[in-house]
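Okay, here's what each chain looks like letter by letter:
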Amino acid sequence: MAKKPSLPGLTRRRQAYEIRLRVPKDLVSALGRTHVVKSLGTSDLAEATRRYATIRAEMLATFEDARAARAPKTSVSPLRTRREIIDHYRIRRFDDLRLERGDVVSRCLSDRDAFYEGKILPLPTDDRVKGNSFWHDVACSGDFSDEVAVLYALERQLAKRAEDLERKAELGDASEFLSFVPETFDERDRRLIALDLQETEIELLKGAKPVLPADVLTQQSKWSPVSLPAVSTTSNGPAPMMSEVFPRFRSEHASIKTRVELIEGLVHELSELFGDKPINGYTPADARSYKDVLLALPPNWRKLKEFRGLSIADAVGKAKGLKVERPQEATVANKLGALRQLFKWIGNEYGEYDIRNPFAEVRMPKGSMAANEARDPFSTEQLRAIFAAPLFTGAHSETRWREPGTVDLKGHPMRWLIVLGLYTGARLGELAQLTKANVRKHDDIHYLCFDPSMKLKKKPGVRTSPSVRNVPLHLEVIRAGFLDYIAQLKDERLFSFPTRGGRFSDAAGKAFNRMLVMTGVKTKTTNFHSFRHNFTDACRRVPINPDIRERMIGHALEGMASRYGSDYRGEIMDMGLLSATNVELQKVEYPEVKLARF
C-alpha cells in the first residue's frame, strides 16, 4: 500500500501531488475563491515532500500580497516599524541559535578530547549537581554520558550570556544591539528599540535548551528536547496582534454575545499580564501562568473594596496575604475553555502563521470534585424558606416578586419553574425552553416530553441525548394548578425569561439566585441544580426503581439496562414505560413542602 502523505494540505490527484490551502476569510472576496490549489508536478512522494515547503511558502505569500494590495496606502507608523524590527530580529536569532547549537554540539561530539580540554566550549568550573561537582559525576558515574556533558556545558554558556546581558540591561546598556536598528529613527527611539532587542535576546537565550543532533537522540540522556518560545512571524511577515484580530472574532460571533463578552474580558486580562502579543506569540507557559492567576483571585475581585484600582498582578499579590474566597473550579474551567475556543478559531482563520493553541492542554483536573459534591441539595429548612418566600405567600407586585406584599403570584413563571425543578429533577436549561407542545397526555397521565428538537446535553458518539425522555407530572403539581397556569398563557413558551447568547437558563438562573440571597438561604454550593439532588434523594428514600430514577433525570443507563441503546427517540414513544414511570414517580413525597392551589 502506498504511503499516505502526512503534510498539511498535501494530496494526490490523478498522477501528481498537489497542495490545497484554504483562503483566509478576509481574502475570499478579493481572490474570488475559498481554496487555492497548486500542483507539485511529480507523482513521487519523496520528491513532492522535498518541493512542498517552497511551493507552500509561495502560495502563502500570495495571501500577504493580496492583503497588501487591499491595505490603504498610508505611512507606516513608528510603533509598527519598531515591532517589525523586533519580530524580524527574533526570527533571525531563533534560526541562528538553532544552527549555532547544532554546530557546537556536533563539533564537541566529533572531537571529545578537545571538548574536555575546553578548546571548543568554556567548561563550568564550580557548578554543583545534587551537592557533587558536575565534572566529578561525569567522570565517576555511569548515569552520565558525553552527550549530557556537552549539553550541560552548552546550556551553562547560554545561561552565562543571558546573565551578562541582564546585568547590562540593569545599567541601560544595549549598545551592542544598536547596529540592528535603522538610523532612520531618532537617537532616543534607537536606544529604546535596542533595549527591546536586548530583552528579546535574553528571552531566547533562556529558552534555548540545547538539543542533540538526530544521530544521537536515541542514546540515553537525562535531557529532553525543548522548543524555543513561539515566534511572532513567518516567512510571510509578522503575525497580526491580538488587538487587531479580536474585533473579527467578536463580529463573527455576535450571536453568542454573552460568551464573547466573557472572552473579551479574558483577553484584556491576558494583555494586561503579558502584553498585546502577536497571535502566535502566546505560549503554554503564559496559559499556565494565567490559570494560576484565575485560581488565586476571588470571584468578582474588581468589585471588592480591598482590590479596587489594583492591576491584576498587584491583586494576585494582595490576595496571597488575605483570607479570600477562592473561585469555583467550574468557573475557572469555563474561562480556560473560552480561551481555547478563541485560539482554536484563530488557528483556523490564520493558519498561515502556524498557530498553536496555548490553552489546548491547560485545563482543570477532571474528577477533582466529585459530581455529587459540586452542588448540595437544599436542606429541609432551606426548602421551607423557599416555599415561604413572597413568590408563594404574597409579593409586592409582578415585577418586585422577591419582596413581601399582598399580590398573589400563582401565575408567575418562576413559581412553576421551582415546582417543576423539585418534582421532576429536570435541569434548569431543559425546563426553561419548554413549550405548550412539550406538555402532553396519554390516557390519564399528564407528562413532560423532552424531545429531540430541544437543545439538550449530548456527548460525542451518542446518537441522541439521554436527556430525551418523558417525565410524568406529579399529582401534587397538577393539584397545585400547573395545567391551569398553562391554559392562561398567551405565549407558546411556558416560561417567559429572556434568552442570552442562545442559552435559555441564564436569566432564570440569575433571577433564582437573587431570590435565594433575599430569602437568606443562598450558599456557595446551592443553586437551581440543587432541586435535582433533592429529587434524586427523594427517589432513593422511597425507594423507586433505580433505572427509572436515572432515566427520569436524564442519565444514560449502562450496558444492556437501556432497551433503546444510545437512541432515546424510541423511548419517548413507549407508553408502557411511561405508565411504569408514573407509578414510581407518584411515590415521591416532600412533607416539608405545602403547595397552594392555583
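Quick notes on the rules
- Residues numbered from 1 in each chain as written.
- Predicted model: local features only at pLDDT ≥ 70, side-chain atom pairs only at ≥ 80, totals over all residues.
- Heavy atoms only, no water.
- Helix = DSSP H or I, 4+ residues; strand = E, 2+ residues; numbered from the N terminus.
- Areas by Shrake-Rupley, 256 points an atom, 1.4 Å probe, with all protein chains shown as cover.
- Core = buried A, V, L, I, M, F, W, Y, C linked by side-chain atoms within 4.5 Å.
- Buried < 20%, exposed > 50% of the residue type's maximum accessible area, 1.4 Å probe, protein only.
- Contact = heavy atoms within 4.5 Å.
- Axes fitted to C-alpha atoms, helices over the stretch in contact; angles between N-to-C directions.
- Parallel < 35°, antiparallel > 145°, perpendicular 65-115°, else oblique.
- Nonpolar A, V, L, I, M, F, W, Y, C, P; charged D, E, K, R; others polar.
- Phe/Tyr/Trp six-rings, centres within 6.5 Å; stacked < 30°, edge-to-face > 60°.
- Lys NZ or Arg CZ within 6 Å of the ring centre and 35° of its normal.
- Expected span 1.5 Å × (residues − 1).
- pLDDT = per-residue confidence, 0-100.
- Salt bridge = Lys/Arg side-chain N within 4 Å of Asp/Glu carboxyl O.
- Pairing = 2+ DSSP bridges.
- Left-handed = near helix turned anticlockwise from the far one by under 90°.
- Arc of directions from axis to C-beta.
- Lys, Arg positive; Asp, Glu negative; His and termini not counted.

(A) Structural view of the overall build of the protein chain. Within the protein chain one finds 23 helices and 10 strands. Within the structure as shown, the protein chain displays about 32,200 Å² of accessible surface, and the carbon and sulfur contribution to it stands at 51%.

(B) Structural detail: the nonpolar core. Counting 56 residues, the largest nonpolar core has I418 and F482 as the members making the most contacts within it. Among the elements that take part in this core, helix 16 (residues 413-424) stands out by supplying 8 residues, more than any other. Not counting the four nearest positions on each side in its chain, I418 is found in contact with I386, F387, L391, F392, F512, M515, F528 and F531. Grouped together as the second largest cluster of nonpolar side chains are 29 residues, V260, V267, A287 and I346 included.

(C) Local environment of the environment of T42. For T42, the position within the fold is in the loop between strand 3 (35-39) and helix 2 (45-70). Filtering out sequence-adjacent residues up to four positions away, T42 remains in contact with Q15, A16, Y17, E47, A48 and R51.

(D) Structural detail: the packing of helix 8 (residues 242-252) against helix 12 (residues 329-349). Closest axis-to-axis distance for the helix 8/helix 12 pair is 11 Å, and the angle between their directions is 100°. Between helix 8 and helix 12, the angle falls in the class roughly perpendicular. Contacts between helix 8 and helix 12 pair M242, V245, F246, R248, F249 and E252 from the former with L342, F343, W345, I346 and E349 from the latter. Here the contact of helix 8 with helix 12 is composed, by residue class, of 8 nonpolar, no polar and 3 charged.

(E) Looking closely at the packing of aromatic side chains. Going through the model one piece at a time under the given rule, you end up with 18 aromatic pairs. A ring pair is formed by F177 and F180, whose centres lie 6.4 Å apart and whose planes are at 40°; its orientation type is tilted. When the centroid spacing of 6.4 Å and the interplanar angle of 70° are considered together, the rings of F378 and F512 count as edge-to-face. Of this pair, F378 sits in the loop between helix 13 (371-374) and helix 14 (380-387) while F512 sits in helix 20 (residues 506-519); the two residues are 134 residues apart in sequence, bridging distant segments of the chain. Through pairs of rings, three or more aromatic residues link up here, namely F246, F249, W345 and Y350. In this structure, R469 packs its charged tip against the face of F450, placed 4.4 Å from the ring centre.

(F) The arrangement of helix 6 (residues 146-170) in detail. The end-to-end C-alpha distance of helix 6 is 36 Å, a good match for the 36 Å that 25 residues give at a rise of 1.5 Å each. Along helix 6, the residues that are buried comprise E147, V148, A149, V150, L151, Y152, A153, L154, E155, L158, A162 and L165. Just downstream of helix 6, G172 is the residue with a positive phi angle, here 75°.

(G) How the structure looks around the confidence of the model for the protein chain. Averaged over all residues, the pLDDT of the protein chain is 78; the fraction at 70 or higher stands at 82%. Mean pLDDT across the elements of the protein chain bottoms out in strand 4 (residues 128-129) (40) and peaks in helix 16 (94). Counted against residues more than four places away or in other chains, residues 73-80, with its pLDDT under 50, gives 6 contacts. Note that pLDDT drops below 50 for residues 139-143; the model gives that stretch 1 contact with residues more than four away or on any other chain.

(H) How the structure looks around the pattern of salt bridges. Applying the stated criterion across every chain, the model contains 22 salt bridges. The salt bridge partner of E252 is R248, with a shortest N-O separation of 2.8 Å. On the criterion of helical spacing, the pair formed by E252 and R248 is a turn pair, its members being 4 residues apart in helix 8. Among the ionic contacts, a cluster of salt bridges with common partners joins K25, R248, E252 and E349.

(I) Geometry of the sheet that holds strand 10 (residues 469-472). Taken together, 3 strands build an open sheet; the order of strands is 8-9-10 and the sheet is antiparallel. Each of the sheet's edge strands pairs with one partner strand only, and the pair in question is strand 8 (439-442) and strand 10. Each neighbouring strand pair of the sheet contributes to a mean axis angle of 40°, computed without reference to strand direction. Helix 23 (residues 575-585) rests against strand 8, strand 9 (445-450) and strand 10 of the sheet, and its axis sits at about 40° to strand 10.

(J) Local environment of the packing of helix 14 against helix 16. In contact at an axis separation of 12 Å, helix 14 and helix 16 are set at 150° when each is read in the N-to-C sense. When the axis of helix 14 is compared with that of helix 16, the two are roughly antiparallel. For the pair helix 14 and helix 16, the sense of crossing is left-handed. Here helix 14 contributes L383, I386 and F387 to the contact with helix 16, which in turn contributes I418, V419 and L422. Here the contact of helix 14 with helix 16 is built from residues that sort into 6 nonpolar, no polar and no charged.

(K) Spotlight on the sheet that holds strand 2 (residues 16-22). With antiparallel pairing, the 3 strands of this open sheet are ordered in space as 1-2-3. Two strands bound the open sheet, and with one partner strand each, they are strand 1 (10-13) and strand 3. When strand polarity is set aside, the average angle formed by the axes of neighbouring strands in this sheet is 35°. Two strands pair when backbone bridges link them, and strand 2 and strand 3 are joined in this way by 5 bridges, in the antiparallel orientation.

(L) Seen up close, helix 14. Among the residues of helix 14, Q382, L383, I386 and F387 are the ones counted as buried. For helix 14, the buried positions fall inside an angular range of 125° around the axis, keeping them on one side. Where helix 14 is buried, its residues touch helix 15 (390-393), helix 16, helix 20 and helix 21 (530-541).

(M) Geometry of the side chain of K291. For K291, the position within the fold is in helix 10 (residues 284-296). Within the buried set, K291 has no salt-bridge partner at all; the shortest N-O distance to an opposite charge, 6.2 Å, is to D292. Each residue touching K291, except ones within four places of it in the same chain, is listed here: L336, V362, R363, M364 and P365.

(N) Region of the structure containing the pairing of strand 10. Burial of the side chains of strand 10 extends over both faces: R469 and V471 are buried on one face and N470 and P472 on the other. Pairing analysis gives 4 bridges linking strand 9 to strand 10, with the strands arranged antiparallel. Of the residues in strand 10, the one forming a bridge with Y447 is P472.

(O) Main features of unusual backbone geometry. For the bond from V542 to P543, the omega torsion is -10°, close enough to zero to count as cis. Tracing the chain through its elements places P543 in the loop between helix 21 and helix 22 (546-552). Positive phi, close to 50°, is recorded for N300, a residue that is not glycine. Counting through the fold element by element, N300 comes out in the loop between helix 10 and helix 11 (312-320). Positive phi, close to 55°, is recorded for D443, a residue that is not glycine. Of note, D443 is situated in the loop between strand 8 and strand 9.

(P) View of the pairing of strand 2. Of all 7 residues making up strand 2, 5 are buried, and the element is well covered by its neighbours. In terms of strand pairing, strand 1 meets strand 2 through 4 bridges, oriented antiparallel. Across the sheet, T11 pairs through a bridge with E18, a residue of strand 2. Taken together, strand 1 and the strand that follows it, strand 2, pair antiparallel across an intervening segment of 2 residues, in which R14 is found at a positive phi of about 55°.

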